[in-house]
Every structure is written in structure tokens, then in C-alpha cells.
Amino acid sequence: MKLKIAVLPGDGIGPEIMKQGVAVMDAIAEKFNHEFSYEEALCGAHAIDEVGDPFPEKTFEICKNADAVLFAAVGDPKFDNDPTAKVRPEQGLLAMRKKLGLFANIRPMQTFDCLVHKSPLKEELVRGADFVCIRELTGGMYFGEKYQDNDKAYDTDLYTRPEIERILKVGFAYARKRNHHLTVIDKANVLASSRLWRQVAKEMEPQYPDVTVDYMYVDNASMRMISEPKFFDVMVTENTFGDILTDESSCISGSMGLLPSASTGESTPVFEPVHGSWPQAAGKNLANPIAQILSVAMMLEYFDLKEEGALVRKAVDASLDANVRTPEIQVEGGAQYGTKEVGAWIVDYIKNH
């Protein structure tokens, strides 16, 4: 298979982990006789410094013309600490999602048996937890009408029926591929937008008689995720709630550096780790590349390269079982491995298995 990949390393640790993700793709291409080509593009704080725009038009063109986007992370403290900044790296993310029509964010949360002791939750709660959160990505308060002056501010949580229907279809489809259990998360007891979500979901439910559907307020869901994470199979929710819940879920596994994500929709799909740019660690060979590498696995599986994706996942599992880990998840007294060393070990495993 030939694939043209837009590569967006971004800021902070992004370029370091991206190198490992591309190295894994190259190893897969060599082993399975594929042809992957790459075109790198600017985004985030780096792009603001270079051209004044966190998602320049040239980057959009490169993404639009690619088969997929492999993205790392954006963010820089000089913008985080300046509330008056008119242009921010994160605006590049929102622009990318909007321009590419990426309305569905898919974040799997899986646990690794050898790492359950790293989770902040009790082992008996965590072991075996495995669910997917599907977040609507282009509507709600993040994109609704906004206003701010010195005395008043508002954000409009706007959703339309077509927006809700298309993301619910994704949720039902994932539930059918997994354990046929879908949880719709909203705040229908307070918010009008949530009541429309629940109404549309109830109307669609009879079309999927093989899927068990339950409805949960977001505050209850956030508690249930901590007290009983194994309850969930597939959850679907709106943009703001999804942003918060997916970050919460990423802690269950023991490290944000382990979890990938995909954003799909009308145009080129984007695959990225769920963690941020961690600028304090940039250039120090400390960052965990596994989330970036598992994002590659998700990309391969998206193009129905199931054997290839499975080998990447097997290589990651093997590296963890062999204690080839970056410092934040290494066992006490374990050998020291950095970003490059973990990536190289996984590449070597792929080439030899």
C-alpha cells in the first residue's frame, strides 16, 4: 500500500516522539512491502514564531492532500502564561479540526497488566479496564458564539441535530465492533443542548437493537469512571465534556504517555497522542514515545492494515514486559531508557518478529 503522510511534530517533546513514530512506520513499510512517504509541516507555537499562524494555510494544504496526518503536540509556556495573547498554539488544533471537518475524536483507554500498579486507582478497579471515549470535536462551546468585556463573558453551547446524529452513528458503530454497550453522556437535567442530544439518541436507539444503551449525566460519569472504570465499553459525548473526561480517563492507565487517539470526519484523519507538549522535557530524551507509536498502530488499522497494527501493539507490549520504559513508568531499580532507546527497541522488535 502507498500512503502519503503529513507529519506535524509541533512543539516541546513533539519532534522527539515524532521521530520514533516515523521510525516505526518505516520499519512496518520495510517488513510488509508498503510505501509510506512523508511531508512535514509547521503547527503550534513553532508556526506562530515562524509565520504568525498556529495552523498556516500551507500546513492545511499539506494535510488536505495527504492520506493521513500524524500529529504530535502543541503548546508553549510563553503563551500559557500570557492571558492577553491573541494567537495561541491551541488555536491551531481547533483550526485543523474545523478545516478538515474532524468531528469525531476516538480515544481508547486501555490498561497494561504490567503497569496497573502505576495507576492512582486500586489494582482491582483498574485491571481489565478497556473502553473508548468518542468526543464530538467541532461543535459546542469551543466553537459557538463568544463574547467578553470587563464585566461580562459568555460562550454558546450550540448543537444541531445533524451534528449530533453523525457523532452518535460513530458511537453506535464502535459499540457494535466491541461489546455492544454504549453510554451517552450529557447534562440533560440542566442544559438544553444536552436535552437535544438525549432526544436524538433516544430516537436513534431502535435502529441499533443489538446495542445496550444507557444515559448518564457527566458528573455521574466522571465519578463512575474512577469508581468503576470497567463498567464502560463505548461512551459518546459532546465537545467540552469529552475534553475533560478523556483527560480523566488517560490517568487510569498510569501514564498519559501510553494512550493514542484518532480524529476522523469529512477529510484527512489525524492520529495523535493524548498528552501535551511537556516543554520542560524538550530535548532531554525523557518523553515516552509509546502514545505516538500506538497512534501509528491506530493509523495502520484505519487503513485496514490489521496485521501491521497488531505487530506494533505486540512490540509495545513486549517493550513494557521487558521493562524497556522511560523513567515515569520504569520499575524501581530498572535500567535507564530514554525516548530514543525505547523507540529503537520497538523498531528492532518489529524488524525481527
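To start, this report covers the structure provided alongside it. (Residues numbered from 1 in each chain as written. Predicted model: local features only at pLDDT ≥ 70, side-chain atom pairs only at ≥ 80, totals over all residues. Heavy atoms only, no water.)

Pairing within the open sheet is mixed, and its ten strands lie in the order β2-β1-β3-β12-β11-β4-β5-β10-β8-β9. Every interior strand has two partners, whereas the edge strands, β2 (35-40) and β9 (212-217), have only one. For this sheet, the mean angle separating the axes of adjacent strands, direction not counted, is 25 degrees. Note that strand β5 (residues 130-136) and strand β10 (residues 234-237) share four bridges and pair parallel. (Pairing = 2+ DSSP bridges. Helix = DSSP H or I, 4+ residues; strand = E, 2+ residues; numbered from the N terminus. Axes fitted to C-alpha atoms, helices over the stretch in contact; angles between N-to-C directions.)

Looking at where T264 falls in the secondary structure, it is placed in strand β11 (residues 260-264). Classification of T264 by relative accessible area gives buried; the value is 16%. Beyond its immediate sequence surroundings of up to four residues, T264 is in contact with G101, L102, F103, A104, I106, P269 and Y302. (Buried < 20%, exposed > 50% of the residue type's maximum accessible area, 1.4 Å probe, protein only. Contact = heavy atoms within 4.5 Å.)

This paragraph deals with helix α1 (residues 14-32). Since there are 3.6 residues in each turn of an α-helix, residues three or four apart along the chain are aligned in direction. Counted at 1.5 Å a residue, the expected span for α1 with its 19 residues is 27 Å, and the 27 Å between its end C-alpha atoms agrees. In the stretch just after α1, N33 is the one whose phi turns positive, near 65 degrees. (Expected span 1.5 Å × (residues − 1).)

Right, let's get into the packing of α1 against helix α13 (residues 339-352). Any two packed helices are characterised by how steeply their axes cross, that is the angle between the axes, and by the distance between the axes. Orientation of α1 relative to α13, taken along the N-to-C sense of each, is 10 degrees, at an axis distance of 9 Å. As the angle between them shows, α1 and α13 are arranged roughly parallel. Mapping the contact onto sequence places E16, I17, Q20, A23, V24, A27, I28, E30 and K31 in α1 and T339, K340, G343, A344, I346, V347, I350 and K351 in α13. Split into classes, the residues belonging to the contact of α1 with α13 amount to nine nonpolar, three polar and five charged. (Parallel < 35°, antiparallel > 145°, perpendicular 65-115°, else oblique. Nonpolar A, V, L, I, M, F, W, Y, C, P; charged D, E, K, R; others polar.)

Bear in mind that shape data such as this cannot, by itself, settle questions of function.
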